[in-house]
Amino acid sequence: MFDNLSEKLSGILDRLTGRGSLSEADVDAAMREVRRALLEADVSLDVVRSFTDRVREQAVGATVVKSVTPGQMVVKIVHDELIATLGSDGQTIDLNAVPPVAIMMVGLQGSGKTTTTAKLARRMTQRDKRKVLMASLDIYRPAAMEQLAVLGRDLDIPTLPIVAGQKPAQIARRALEAGKLGGYDVVLLDTAGRTTLDEEMMSEAAEIKTAANPHEVLLVADSLTGQDAVNLARAFDQRVGLTGIVLTRVDGDGRGGAALSMRAVTGKPIKLIGTGEKTDALEDFHPSRIAGRILGMGDVVSLVEKAAANIDAEKAARVAEKMRKGQFDLADMREQLIQMANMGGISGLMGMMPGIAKMKNQIANAGIDDKIIKRQVAVIDSMTRQERKSPDILKASRKKRIAAGAGVKVEEVNKLLKMHRNMADMMKAMGSGKRGPMAGIAQAMGFGGGMPSPEQMKALSEKMPGGAGPGGMPALPKDLPAGLRSGLPNVPGLTGLSGKPNLPGLGGFPGLGKKK
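Just so you know, these numbers come straight off a predicted model, no measurement behind them.

Caption draft 1: Region of interest: the overall build of the protein chain. If you tally the helices and strands in the protein chain, you get 23 helices and seven strands. A burial count over the protein chain gives 48% of its 516 residues as buried. Sequence-distant contacts in the protein chain: of pairs separated by 6 or more residues, those separated by 24 or more amount to 72%. By element, 50% of the accessible surface of the protein chain is carried by carbon and sulfur atoms, the whole surface being about 24500 Å².

Caption draft 2: Expanded view of the packing of aromatic side chains. Counted by the stated rule, this structure contains zero aromatic pairs. In this structure, K131 packs its charged tip against the face of Y184, placed 4.7 Å from the ring centre. A cation over an aromatic ring shows up here: R194 above the ring of Y140, its NZ or CZ 4.8 Å from the ring centre.

Caption draft 3: Looking closely at unusual backbone geometry. P99 connects to P100 through a cis peptide bond whose omega is -5°. Even without being glycine, D156 reaches a positive phi, approximately 60°. Topologically, D156 is positioned in the loop between α7 (144-155) and α8 (168-182). If you check the backbone angles, R249 has positive phi at about 55° while not being a glycine. Judged by relative accessible area, R249 falls into the partly exposed class, the value being 40%.

Caption draft 4: Geometry of a positive patch on the surface. A contiguous patch of positive charge on the surface is contributed by K278, K371, K374, R375 and K415. A total of three residues in the positive patch trace back to one element, the largest contributor, which is helix α18 (residues 371-381). The residue R375 is located in helix α18 in this model. Given a relative accessible area of 35%, R375 falls into the partly exposed group.

Caption draft 5: Geometry of the pairing of strand β4 (residues 216-222). Counting buried positions along β4 yields seven of seven residues, so the element is predominantly enclosed. Covered by surrounding structure in β4 are E216, L218, V220 and D222 together with V217, L219 and A221, the residues of both alternating faces. Note: strand β1 (residues 101-106) against β4, four bridges, orientation parallel. Within β4, the position partnered with V106 by the bridge is L219. For β4 and strand β5 (residues 244-248), the ladder comprises five bridges, and the chain directions are parallel.

Caption draft 6: Focus on helix α3 (residues 45-59). Taking 1.5 Å per residue as the helical rise, α3 with its 15 residues ought to reach 21 Å, and the 21 Å between its terminal C-alpha atoms agrees with that figure. Every buried residue of α3 is accounted for by V47, V48, F51, T52, V55 and A59. Angularly, the buried residues of α3 cover 120° about the axis, an arc narrow enough to put them on a single face. Turned more than 90 degrees away from the buried face of α3 sit D46 and E57, all of them exposed.

Caption draft 7: Spotlight on the environment of V186. With respect to the helices and strands, the residue V186 is situated in strand β3 (residues 186-190). Classification of V186 as buried rests on a relative accessible area of 0%. In the structure, V186 is positioned ten residues away from L176 in sequence and 9.2 Å away in space, judged by C-alpha atoms. With residues up to four places along the chain from it excluded, the contact list for V186 reads L95, V101, I103, M124, R130, K131, V132 and L133.

Caption draft 8: Broad picture of the side chain of E387. Mapped onto the elements, E387 comes out in helix α19 (residues 385-389). When its relative accessible area of 0% is taken as the criterion, E387 is described as buried. The residues touching E387, leaving out its near neighbours within four places in the chain, are L330, I393, L394, R398, R401 and I402.

Caption draft 9: How the structure looks around the sheet that holds strand β2 (residues 132-136). Strand order in the open sheet made by the seven strands is β2-β3-β1-β4-β5-β6-β7, with mixed pairing throughout. Unpaired on one side and paired on the other, β2 and β7 (282-284) mark the two borders of the sheet. Pairwise comparison of adjacent strand axes, ignoring direction, gives a mean angle of 25° for this sheet. Of the strands in this sheet, β1, β3 and β4 touch helix α9 (residues 199-212), which is tilted by about 175° from β1.

Caption draft 10: Representation of the pattern of salt bridges. For the structure shown, the criterion picks out 17 salt bridges. We note a salt bridge from D28 to R56, for which the minimum N-O separation is 2.4 Å. Residue D28 is located in helix α2 (residues 24-40), and its partner R56 is located in helix α3; the two are separated by 28 residues in the primary sequence. Looking at D28, the relative accessible area reads 23%, which means it is partly exposed.

Caption draft 11: Structural detail: empty space enclosed by the protein. Applying the stated criterion across every chain yields a total of four cavities of 30 Å³ or more. By volume, the largest cavity is sized at about 80 Å³. Together, A135, S136, M145, L148, A149, T159, L160, P161, I162, V163, I171 and R174 line the largest cavity. No other element matches α7, which puts three residues into the lining of the largest cavity.

Caption draft 12: A look at the packing of helix α5 (residues 70-86) against helix α11 (residues 257-266). Where α5 meets α11, the closest approach of the two axes is 7 Å, and the angle between their N-to-C directions is 65°. Across the interface between the two elements, L82, T85 and L86 of α5 pack against A259, L260, R263 and A264 of α11. In terms of residue class, the contact of α5 with α11 is built from five nonpolar, one polar and one charged.

Basis of the calculations
Residues numbered from 1 in each chain as written. Predicted model: local features only at pLDDT ≥ 70, side-chain atom pairs only at ≥ 80, totals over all residues. Heavy atoms only, no water. Helix = DSSP H or I, 4+ residues; strand = E, 2+ residues; numbered from the N terminus. Buried < 20%, exposed > 50% of the residue type's maximum accessible area, 1.4 Å probe, protein only. Contact = heavy atoms within 4.5 Å. Areas by Shrake-Rupley, 256 points an atom, 1.4 Å probe, with all protein chains shown as cover. Phe/Tyr/Trp six-rings, centres within 6.5 Å; stacked < 30°, edge-to-face > 60°. Lys NZ or Arg CZ within 6 Å of the ring centre and 35° of its normal. Patch = residues over 30% accessible without salt bridge, like charges linked within 9 Å, V, L, I, M, F, W, Y side chains within 5 Å. Salt bridge = Lys/Arg side-chain N within 4 Å of Asp/Glu carboxyl O. Lys, Arg positive; Asp, Glu negative; His and termini not counted. Charge placed at Lys NZ, Arg CZ, Asp CG, Glu CD. Pairing = 2+ DSSP bridges. Expected span 1.5 Å × (residues − 1). Arc of directions from axis to C-beta. Axes fitted to C-alpha atoms, helices over the stretch in contact; angles between N-to-C directions. 1 Å grid on protein atoms, 1.4 Å probe; cavity = no way out; pocket = protein on both sides within 12 Å on 5 of 7 lines; lining within 4 Å. Points joined across faces, edges and corners; volume = space filled by probe spheres on them. Nonpolar A, V, L, I, M, F, W, Y, C, P; charged D, E, K, R; others polar.

So, in structure tokens, the structure goes:
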């Protein structure tokens, strides 16, 4: 979502960091460009004005002038102000109340309330181990109640039985009664929306709030709405009293203005973001991580969390042991490719990697997409067990058979085999624990010497081209599992931490960094 804004801000700040000293005129020129970039991203005018004023005030101060790297100091100031605009600390859904805790979802029609209700229910059930009841209060949209019931059946989460002819406030009271009788921890109330703000909808929302007395009132807003999202948030806050905002369609091509405006104008925290259509695509909103993504610094902590949630630790340990011994075969490579797909595929991972925004056009020209992983898994699936264990036995006739089975050309099979050979050689070198440039990376990836500590990760990040942005590596979140406190896990497929990411399925980016 923040691609355009990220590209423009990175370009502006790169020009500043390339200078040995900064004058007030340089800062003013940069701030004009920042203002234009934010306005083009559909950020509210008041927010843009106060943001650029605060940055300029600090950027022409003594700290920047006396700094050894004034350009980097300006980047840090912009980064810190972005975090302040998005909300200094990330806030999560508050469930500290007498159960059943009522959570009311409000918003316009088509903003994704029903889907977000199901996503939130799944998250609370699976991650927080809460007993959740979903209730649809939308008696207007055709099949709205049935939609929630179907989602509930798919996720195995109970929904309130549909009773025809009841008013929304009556359904809310019945849902809370059912929540008490059934021993539920949370009751999610999915209210009706309209295509535009109208008095009827607002008075109905206020009536439901009076009837249910919800602990949380979440505004579900489409991140593609732009500046109008601010008026929407203000109107709901005045009539219903919001406690937080959920932004949907963050994976779309919106310009990010809603995210930057809503928090600053309403003072209400953005608590969750919807990152896809599937019911598991709901994430906590972390201002510092989003600011990092906007400025092209990546989001290493989210990458670690994704790895922790999706990687099978036992399988990863087995593969790491085989790599140490130099026994990395195609079956192991297939495991890594599948784990990478589960973590969000190439595009999902690359969006979190530092410095990737600057390579966006080259990546697009190289035609890299998530289908690469599927094709490579299909090639490995077309081999016999023996061929996966001993790729050396693959001669021309076998390669033709495999290519036909996977529906690809023989060249694709050769590419995969070459990539496997490179990875196996690299793993062997890393596993041997020899001194040299590979030794630090080997330890970071979990070879020969166990997991690196956060201090070692910070030292390693400083050696990376471009570092990890202001302040080095971000701190690990407090709620990370204990097993990850000692450092990063062995993220499958991320077999290179140098300038360009070297992901499995790519073998380096085709067409990038090659001399002609």
